[in-house]
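A look at the structure
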Amino acid sequence: MRIHRTDVLVIGGGGAGSRAAIEAYDSGVDVTIICKGRHGLSGCTPNSASEWMAYGVALGIADPRDNCEMHFRDIVSIGGYVCDHNLARIIAYESPDRFRELVDWGVEFLREPDGRFKQVMSDGATYPRACGTGADTGRQIMDALKRQVEERGITVFENVMAVDLIVDGGVVVGAVGIDTESLELTAFTAGSTIMATGGHGCMYKYTVFPEGMTADGYAMALRAGAKLVNMEFMQIGPCVITPLKFDVGGILWRLGPRLINGLGEEFLERYLPEELTVKEVYNLKSVTFPFTMRNASGYIDIANFTEIAEGRASGNGGVYFDLSHVPASKIESEASIPFKYFLEHGVDIRRKPLEIAPSIQHMNGGILINERGETSLPGLYAAGEAAGGQHGADRPGGNSLADCQVFGARAGRYAAERASKRIVKPDLRKAEKIEDEVRRLLETDGSHSVSEVLKDVREMMWRNASVIRDEDSLSKTYSSLHRYRRIVQSDLSVDEDELVSALELRNMIDAGLAIVLAALTRRETRGSHYRTDYPKKDDENWLRLIEIQMANGDLK
Ligand SMILES: Cc1cc2nc3c(=O)[nH]c(=O)nc-3n(C[C@H](O)[C@H](O)[C@H](O)COP(=O)(O)OP(=O)(O)OC[C@H]3O[C@@H](n4cnc5c(N)ncnc54)[C@H](O)[C@@H]3O)c2cc1C
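**Some words on the site of the ligand**
- Residues in contact with the ligand amount to 40 residues; listed here are only the nearest, Cys44, Thr45, Glu385, Ser400 and Leu401.
- One nitrogen or oxygen atom from the side chain of Glu385 is found 2.5 Å from an oxygen atom belonging to the ligand.
- Bound to the protein, the ligand loses 98% of the 1000 Å² it would expose on its own.
- It is helix 13 (residues 399-419) that contributes the most residues to the shell around the ligand, four residues altogether.
- Across the shell around the ligand, the residue classes break down as 17 nonpolar, 18 polar and five charged.

**Focus on the pattern of salt bridges**
- Inspection of every chain in the model, using the stated rule, returns 52 salt bridges.
- The closest approach of N and O atoms between Arg350 and Glu332, which form a salt bridge, is 2.7 Å. Remark: Glu332 occurs in helix 11 (residues 328-334) and Arg350 occurs in the loop between helix 12 (336-344) and strand 14 (354-363); sequence separation between them is 18 residues.
- Judged by its relative accessible area of 33%, Glu332 falls in the partly exposed class.

**Remarks on the packing of aromatic side chains**
- Under the criterion given, the structure shown has 13 aromatic pairs.
- Here the aromatic rings of Phe246 and Phe342 are separated by 4.7 Å at their centres, their planes lie at 55°, and the arrangement is tilted. Linking Phe246 in strand 11 (residues 246-247) with Phe342 in helix 12, this pair joins segments that are 96 residues apart in sequence.
- The cationic tip of Arg89 hangs over the ring face of Phe72; the distance from NZ or CZ to the ring centre is 4.2 Å.
- The ring of Trp52 carries Lys118 above its face, with NZ or CZ at 5.9 Å from the centroid.

**Brief notes about the pairing of strand 2 (residues 31-35)**
- Judged by how many residues are buried, strand 2 sits mostly within the fold: five of five residues are covered.
- Here strand 2 shows no split at all, with Val31, Ile33 and Cys35 on one side and Thr32 and Ile34 on the other all buried.
- Pairing between strand 1 (residues 2-11) and strand 2: four bridges, direction parallel. Looking at strand 2, one finds that Val10 is bridged to Ile33.
- As for the winding sense of the linkage, the β-α-β connection from strand 1 through helix 1 (residues 15-26) to strand 2 is right-handed.
- In terms of strand pairing, strand 2 meets strand 5 (residues 155-158) through four bridges, oriented parallel.

Criteria and thresholds
Residues numbered from 1 in each chain as written. Predicted model: local features only at pLDDT ≥ 70, side-chain atom pairs only at ≥ 80, totals over all residues. Heavy atoms only, no water. Near = heavy atom within 4 Å. Polar contact = N/O pair within 3.5 Å; in protein donor to acceptor, adjacent residues only side chain to side chain. Areas by Shrake-Rupley, 256 points an atom, 1.4 Å probe, with all protein chains shown as cover. Helix = DSSP H or I, 4+ residues; strand = E, 2+ residues; numbered from the N terminus. Nonpolar A, V, L, I, M, F, W, Y, C, P; charged D, E, K, R; others polar. Salt bridge = Lys/Arg side-chain N within 4 Å of Asp/Glu carboxyl O. Buried < 20%, exposed > 50% of the residue type's maximum accessible area, 1.4 Å probe, protein only. Phe/Tyr/Trp six-rings, centres within 6.5 Å; stacked < 30°, edge-to-face > 60°. Lys NZ or Arg CZ within 6 Å of the ring centre and 35° of its normal. Pairing = 2+ DSSP bridges. Right-handed = clockwise from strand over helix to strand, strands pointing away.

Given below as structure tokens:
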């Protein structure tokens, strides 16, 4: 196995990882990024799109009453009071500085005719504070960060997937990475390691996450012994499933679509209590993109989910979002950003219905961090979507891009500070153990294929651990995931060209177990976590954060 030594190892080259690397480098240490895909092209930051991809920042431009304190309060209240208030406050108060930095680095956030930044309303915000460049703000942010990384000459290993963390005497001292093309293994040793691997969407059948987002960071952290937090909370939104992935947000709901199932029936009304009209829930949905039980917009996701789960899906497995009854001029003028975006991708929403499904869009929990980005394991830091505690049951729109910059910078700074005080000489036998496990995967001549297990896991997670959850289906899912875990350990058939997928599958199963255990544990309904058997919020018992940790292979 090759060995690469660095001061700060950053795993993941998205918005958070790149920002962390820049800060660590500027603190005067040697920095290495390893990135499973191409730097600047992989992960959610450059590959996500919605009608107004938002960076949340309290500038008080659109409404002078807005300020950082309001932003902080919004994070806590929309989160159902189950986030770390300290971390939430840091995002709110430091987002403006990180925003100005992005502007200096060339991100062209849209402006009003008078030159001030355009700010619009986003989910869970009391005042308009969502800045953006249009549908693909994340890509512009990523381009700017990549330029900064390149200007500094930071070492980047592309197409290298971290397999597991190297833990020596309870301290994280780097990670073993595998080149996804040559399958060559390298031990990256480091004084500090920052996990910035993004989220988990690909473990679900329906997701707007790009390829490769297989919960690797959560799983590696778990196996190393770090704590995860709030894993039951995630964003599941109505998203276009084909021919492109796209969040269906406020503007499109305000047009008043017709939701039609595969049998040609309009179905939403059947799911609404008598006192609610379709128009009222659309109005709520237009300011509440992801599924939540915080308000009645959740009926839309419950209806879409049930139609699909009960077998009345559209041709490609979703439900139709039809705008053909809406005057074309209204679509062109009132929904110009999504209208043009779809047209550029060959879809004319004036004529053809979209197909949507409740799709996983973001993880609100993650690896538990403190205000320095430190995890519960010495030597390991986390930032961005890989990290948890900053947000609770729901998160305000635009907060993730801001979070990545704020905690990316913090993790980079403190990781560099720690690394500069240490000379790491890890026991490389720990890395060799990881190598042995990879080889064992290849050598096992089992009876199950990677694709077969993966398909089952994705289907099961979507059905039982997304919009609608209950004790019975979660318990069955937990047992099934354990069974799949044993299969991966000893009964999987893996060719060389499936090795990376097998490693990803292992990660999705381990992280899936944490999600399901957290969802089983929280016997109440709060925000994005809807338990049909415990349909009410229960502050008396559950006004707290659930932490999950692995010890000797068992989760608790
Ligand atoms: C459709 C969509 C719309 C969204 N809209 C918004 C919005 O409007 N506002 C907002 O704030 N947020 C939004 N989000 C969420 C936001 O885009 C993400 O949370 C954020 O970009 C995550 O950044 P990150 O750096 O943490 O992870 P990512 O950008 O996902 O980067 C992860 C990186 O880790 C790498 N990686 C993964 N596993 C490994 C491994 N094992 N080894 C090495 N490298 C690895 C990947 O290759 C990638 O480089 C949206 C998300 C989606 C999917």
